[in-house]
Amino acid sequence: QVQLVESGGGLVQPGGSLRLSCVASGSIVSMFLRGWYRQAPGKQRELVTIVTRGGNTVYADFVKGRFTISRDNTKNTVYLQMNSLTPEDTAVYYCNAIHNGLNYWGQGTQVTVSS
């Protein structure tokens, strides 16, 4: 079992920044902490950014250089730095990990971009 806990969401004005964190715990020895997805109201969950097992970083087109993923393996934590936020970035952001071939998700953290 893997537990993922996201934090760092909140209300921010357009053009602002937020830094999300996701801490993994439990059976983390064979866990791969991949990255971030998001789900806006009425929409399907979509990829934001992940790091592949080969070490490559994949960003969604809508990120456009605004978001940066980073990892601290010593803390079993993955971060998402989000800059130049727009109202279209409003969503619940989820952390994703793979363990024994299964996908694990955190409970999500709400990001609301509004003036």
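These figures come from a predicted structure and were not determined experimentally.

Student: Help me understand the packing of aromatic side chains in this model?
Tutor: Between two aromatic rings, the relevant description is the distance of the centres plus the angle of the planes. Summed over all chains, the structure comprises one aromatic pair. Aromatic pair Y37 and W105: ring centres 5.0 Å apart, planes at 80 degrees, arrangement edge-to-face. Placement of the pair is Y37 in strand β4 (residues 31–39) and W105 in strand β10 (residues 102–105), with a sequence separation of 68 residues. For Y37, a relative accessible area of 14% translates into the label buried. On the basis of relative accessibility, which here comes to 35%, the residue W105 falls in the partly exposed class. Sitting above the plane of the Y79 ring, R19 keeps its charged end 4.0 Å from the centroid.

Student: Is there a simple way to explain the sheet that holds strand β8 (residues 77–82) in this structure?
Tutor: Backbone hydrogen bonds are what pair the strands of a sheet, in a parallel or an antiparallel way. Across the sheet, four strands lie side by side as β1-β3-β8-β7; this open sheet has antiparallel pairing. Strand pairing shows two members of the sheet lacking a second neighbour, β1 (2–7) and β7 (67–72), which therefore form its edges. Pairwise comparison of adjacent strand axes, ignoring direction, gives a mean angle of 15 degrees for this sheet. Examined bridge by bridge, β1 and strand β3 (residues 18–26) share six bridges and lie antiparallel to one another. Bridging across to β3, E6 finds its partner in C22.

Student: Would you explain the nonpolar core in this entry?
Tutor: Across soluble globular proteins, you tend to see nonpolar side chains buried next to one another. One finds L4, L33, W36, F67, L80, M82 and Y93 to be the most contacted residues of the largest nonpolar core, which totals 28 residues. When residues of this core are traced back to their parent elements, those giving at least two are β1, β3, β4, β5 (46–51), β7, β8, β9 (91–99) and β11 (109–113). Beyond its immediate chain neighbours, meaning those up to four positions away, M82 contacts G16, S17, L18, L20, R66, F67, Y93 and V111.

Student: Which parts of the structure should I look at to understand the pairing of β9?
Tutor: Remark: a regular strand shows side chains that alternate across the two faces of the sheet. When you tally the buried positions in β9, you get eight out of nine residues, the bulk of the element. Sheet analysis places β4 next to β9, joined by eight bridges and oriented antiparallel. Paired with Q39 across the two strands is V92, which belongs to β9. Two elements, β9 and β11, share three bridges in a ladder whose sense is antiparallel. Considered in β11, the bridge of Y93 is made with T109. One ladder, built from four bridges, connects β9 with β10; its direction is antiparallel. Paired with N96 across the bridge in β10 is W105. Counted between consecutive antiparallel strands, the loop separating β9 from β10 contains two residues, among which N100 sits at a positive phi close to 55 degrees.

So, how was this worked out
Residues numbered from 1 in each chain as written. Predicted model: local features only at pLDDT ≥ 70, side-chain atom pairs only at ≥ 80, totals over all residues. Heavy atoms only, no water. Phe/Tyr/Trp six-rings, centres within 6.5 Å; stacked < 30°, edge-to-face > 60°. Helix = DSSP H or I, 4+ residues; strand = E, 2+ residues; numbered from the N terminus. Buried < 20%, exposed > 50% of the residue type's maximum accessible area, 1.4 Å probe, protein only. Lys NZ or Arg CZ within 6 Å of the ring centre and 35° of its normal. Pairing = 2+ DSSP bridges. Axes fitted to C-alpha atoms, helices over the stretch in contact; angles between N-to-C directions. Core = buried A, V, L, I, M, F, W, Y, C linked by side-chain atoms within 4.5 Å. Contact = heavy atoms within 4.5 Å.

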